[in-house]
Amino acid sequence: MIDYKPVKWRWLRNGALIGAALSLTDLLQWRGPRFYPWTSPEFIAANVGQILGAAIVVGFVGLIAGIVADLVRQSKSRKSASPPPFES
């Protein structure tokens, strides 16, 4: 029997890390100014929300991709683990 391990949580983690990394690269202003100045609590909250929002959205997309990957792998392992047909 094939050993099956769910991977959806790894996809969620990796997606969240990618989303956070994409937002954090905007701190370097490669694409121009994307954040408010870090001068007031409202602006800080908006900036942190932007970073967390991107991490959550891309993490959710990663979770969906992980669920699909789990379903595909699970169906493949079921097909390959089935016994040979009975012959008389």
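Read on for an overview of the structure. (Residues numbered from 1 in each chain as written. Predicted model: local features only at pLDDT ≥ 70, side-chain atom pairs only at ≥ 80, totals over all residues. Heavy atoms only, no water.)

### Observations regarding the environment of Leu22
- Along the polypeptide, Leu22 turns up in helix α1 (residues 8-25).
- Placed 29 residues apart in sequence, Leu22 and Ile51 show a C-alpha to C-alpha distance of 8.4 Å. (Helix = DSSP H or I, 4+ residues; strand = E, 2+ residues; numbered from the N terminus.)

### Focus: a nonpolar patch on the surface
- Together, Leu24, Leu27, Trp38, Ile44, Val48, Leu52 and Ile56 give the surface a local cluster of nonpolar side chains, amounting to about 630 Å² of exposed area.
- Here the element with the most residues in the nonpolar patch is helix α2 (residues 41-81); it accounts for four residues. (Patch = residues over 30% accessible without salt bridge, like charges linked within 9 Å, V, L, I, M, F, W, Y side chains within 5 Å. Areas by Shrake-Rupley, 256 points an atom, 1.4 Å probe, with all protein chains shown as cover. Salt bridge = Lys/Arg side-chain N within 4 Å of Asp/Glu carboxyl O.)

### Some details on α1
- Helix length check: α1 (18 residues) gives 26 Å between terminal C-alpha atoms against 26 Å at 1.5 Å per residue, within 8%.
- Turning to α1, its buried residues are Gly15, Gly19, Ala20 and Ser23. Seen end-on, α1 carries its buried residues on one side only, within an arc spanning 130°. (Expected span 1.5 Å × (residues − 1). Buried < 20%, exposed > 50% of the residue type's maximum accessible area, 1.4 Å probe, protein only. Arc of directions from axis to C-beta.)

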